[in-house]
Amino acid sequence: MAKIFNGAWLKPQQILCAGLFAATLELTAFPAWAGDCPGNPDALGTSRTLVVDPREHPRIGTMQYPETLPLRDHEVVLTFDDGPLPPHTLQILDILARECVKATFFTIGRMAHDYPQDLRRVLAAGHSIGTHSQNHPLSMNRMPIERARKEIDDGIASATAALGDPADVAPFMRIPGLLRAKAVEDYLASKGIQVWSADFPADDWRHISADRVYQLAISRIEAKGKGILLLHDIQARTVAALPRILRTLKERGYHIVHVVPATPDRPKTPTSPQDWLAHPASGAVASAHWPKVPRFSFANTETFPAPAISDSGLRDGKLLLLPEAFSGSRRFVRGNVPLPEESPWPRQSAVVTGNSTDTFPVPAQTVFAIQEKSAVPLKAVIPLQRHAKPVVGASRRADEVDDNVQSISIDASAAKRAIPGSPPVIRSGFH
């Protein structure tokens, strides 16, 4: 039987679908859109809720791991560490409420034990609550694994005691100081707890101004375009910087995403493994937007014009050579290698090649011959100096030979050969 709903007739099938849809609304926590934020229609709001399965992706955050949350461009997840601590945590809750923004708080077990009512206010505001160890030791990367396990387990137990229900504690944990260790990560994975690092911090734990916290947060978000922002809800500088951070994110078109764990009644958000990669090889990365190389089709394409034979270096059997003659020119002639007609440096001139039998003039052999006289043995008198005392007053005939003179036979061909350092040769008939 049809019924009337808002002035329209509905069939029984439509009534059943409407009932199922209404039941689904009661079970699903929808994000607070900016337009639905009471008292602030221009609020930043929470664009969507991301449901994750910690067992499928046990470690996230590009500061330390290859995977991060599967966010879209210009999506940011807000996280706060170390609380609760009044009044700063309560002030941050008020700032987030005015903007209808949801975040994830990583509580220290000791702080949850000391301020349980403040942690319950975080839960009542609709935020996710993870853990941050019991005492925040900055040595979990080197402490014995037994002690690390106790820090983890005690932190979860303290948060559970403050909230009253184990289901209210999300299986999310951030290691203090991000000082990771494989044994610690393996233990958390065995318990189905997801380790959260971050994609960019704002350095608000350092002694810097609130303005500097704002600058670091925005510049690092802009540098990556999306990701997990690490803040601390125990710092006054964070309280001062947060309103300006949220306004700037709104002005620059960013959206806030709230992350919750999957449960039997709340299935995970469908994603692909590639969505979790820090640098996916997809169209979303900058390199994919480079100009693509066009594919040319060469079918039925005319060829480029070729030079005519008349443009070659051969003209009526004459070869154009450079003005300077060189020894390899005849090789060019035999090989029929054409040279260009024009050249940018010395102009080419036509050189007529002669008959192949013609040769270059060769110097006569006499140019290189050494003229020597015939080898005729001659007698020459060569005075040789001896260490003998001269004969004083002695006279001799012209035909007498002095005892200091020896006769040697020399070759006429040695007429012009002088031995350096030797006495000159005295020969009759040679002047």
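Above this note sits the structure.
Quick caveat, the model's predicted, so the values are computed rather than measured. (Residues numbered from 1 in each chain as written. Predicted model: local features only at pLDDT ≥ 70, side-chain atom pairs only at ≥ 80, totals over all residues. Heavy atoms only, no water.)

Caption draft 1: Structural view of the overall build of the chain. Check the secondary structure of the chain and you find ten helices and 17 strands. Residues counted as buried form 35% of the 431 residues belonging to the chain. Sequence separation of 24 or more characterises 74% of the internal contacts of the chain that already satisfy a separation of 6 or more. (Helix = DSSP H or I, 4+ residues; strand = E, 2+ residues; numbered from the N terminus. Buried < 20%, exposed > 50% of the residue type's maximum accessible area, 1.4 Å probe, protein only. Contact = heavy atoms within 4.5 Å.)

Caption draft 2: Fine view of the nonpolar core. If you look at the biggest cluster of nonpolar residues, it comprises 39 residues, and the most contacted ones within it are Leu-78, Phe-80, Leu-96, Phe-105, Leu-229, Leu-242 and Leu-249. Formed by 14 residues, the second largest nonpolar core is a distinct cluster that contains Val-52, Trp-196, Val-257 and Trp-276. (Core = buried A, V, L, I, M, F, W, Y, C linked by side-chain atoms within 4.5 Å.)

Caption draft 3: Examining the packing of aromatic side chains more closely. Enumeration according to the criterion identifies three aromatic pairs in this entry. Centroid distance Phe-172 to Trp-196: 5.0 Å. Interplanar angle 40°. Geometry classified as tilted. Residue Phe-172 is located in strand β8 (residues 172-173), and its partner Trp-196 is located in strand β9 (residues 194-196); the two are separated by 24 residues in the primary sequence. Through a chain of ring-to-ring contacts, the aromatic side chains of Phe-106, Phe-172 and Trp-196 assemble into a single cluster. Sitting over the ring of Tyr-214, Arg-244 keeps its end group 3.8 Å from the ring centre. (Phe/Tyr/Trp six-rings, centres within 6.5 Å; stacked < 30°, edge-to-face > 60°. Lys NZ or Arg CZ within 6 Å of the ring centre and 35° of its normal.)

Caption draft 4: Looking closely at the pairing of strand β7 (residues 128-131). By the alternation rule, side chains of β7 split into Ser-128 and Gly-130 and Ile-129 and Thr-131, which are all buried. For strand β6 (residues 104-107) and β7, the ladder comprises four bridges, and the chain directions are parallel. The residue bridging Thr-104 from the neighbouring strand is Ser-128, located in β7. (Pairing = 2+ DSSP bridges.)

Caption draft 5: Region of the structure containing the pattern of salt bridges. Within this structure, the stated rule accounts for twelve salt bridges. Where Asp-154 meets Lys-150, a salt bridge forms, and the shortest distance between an N and an O atom there is 3.0 Å. Here Lys-150 and Asp-154 lie together in helix α5 (residues 145-163), a separation of four residues that amounts to about one turn. Residue classification places Asp-154 among the partly exposed residues on the basis of a relative accessible area of 27%. Residue classification places Lys-150 among the exposed positions, given a relative accessible area of 52%. Among the ionic contacts, a cluster of salt bridges with common partners joins Arg-48, Arg-72 and Glu-75. (Salt bridge = Lys/Arg side-chain N within 4 Å of Asp/Glu carboxyl O.)

Caption draft 6: Spatial organisation of helix α4 (residues 116-124). Taken together, the buried positions of α4 are Pro-116, Asp-118, Leu-119 and Val-122. For α4, the arc enclosing every buried residue in end-on projection is 165°, short of the 170-degree limit, so these residues lie on one face. Taken together, the buried residues of α4 touch α2 (88-98), β6, α3 (109-114), β7 and α5. Phi turns positive one or two residues past the end of α4, at Gly-126, with a value near 90°. (Arc of directions from axis to C-beta.)

Caption draft 7: Local environment of the state of the cysteines. Going through the model one piece at a time under the given rule, you end up with one disulfide. Here Cys-37 pairs with Cys-100 through a disulfide, and the sulfurs are 2.1 Å apart. On the S-S bond that ties Cys-37 to Cys-100, the torsion sits near 90°, and the link is right-handed. With Cys-37 in the loop between α1 (12-27) and β3 (48-52) and Cys-100 in the loop between α2 and β6, this pair connects stretches of sequence that are 63 residues apart. For Cys-37, a relative accessible area of 5% gives the class buried. Here Cys-100 falls in the buried class, since its relative accessible area comes to 12%. (Disulfide = S-S within 2.5 Å.)

Caption draft 8: How the structure looks around unusual backbone geometry. In the segment running from Gly-83 into Pro-84, the intervening peptide bond is cis, with an omega of 0°. Looking at where Pro-84 falls in the secondary structure, it is placed in the loop between β5 (75-81) and α2. You will see that His-74, though not glycine, has its phi angle at about 65°, which is positive. Along the chain, the position of His-74 falls in the loop between β4 (59-60) and β5.

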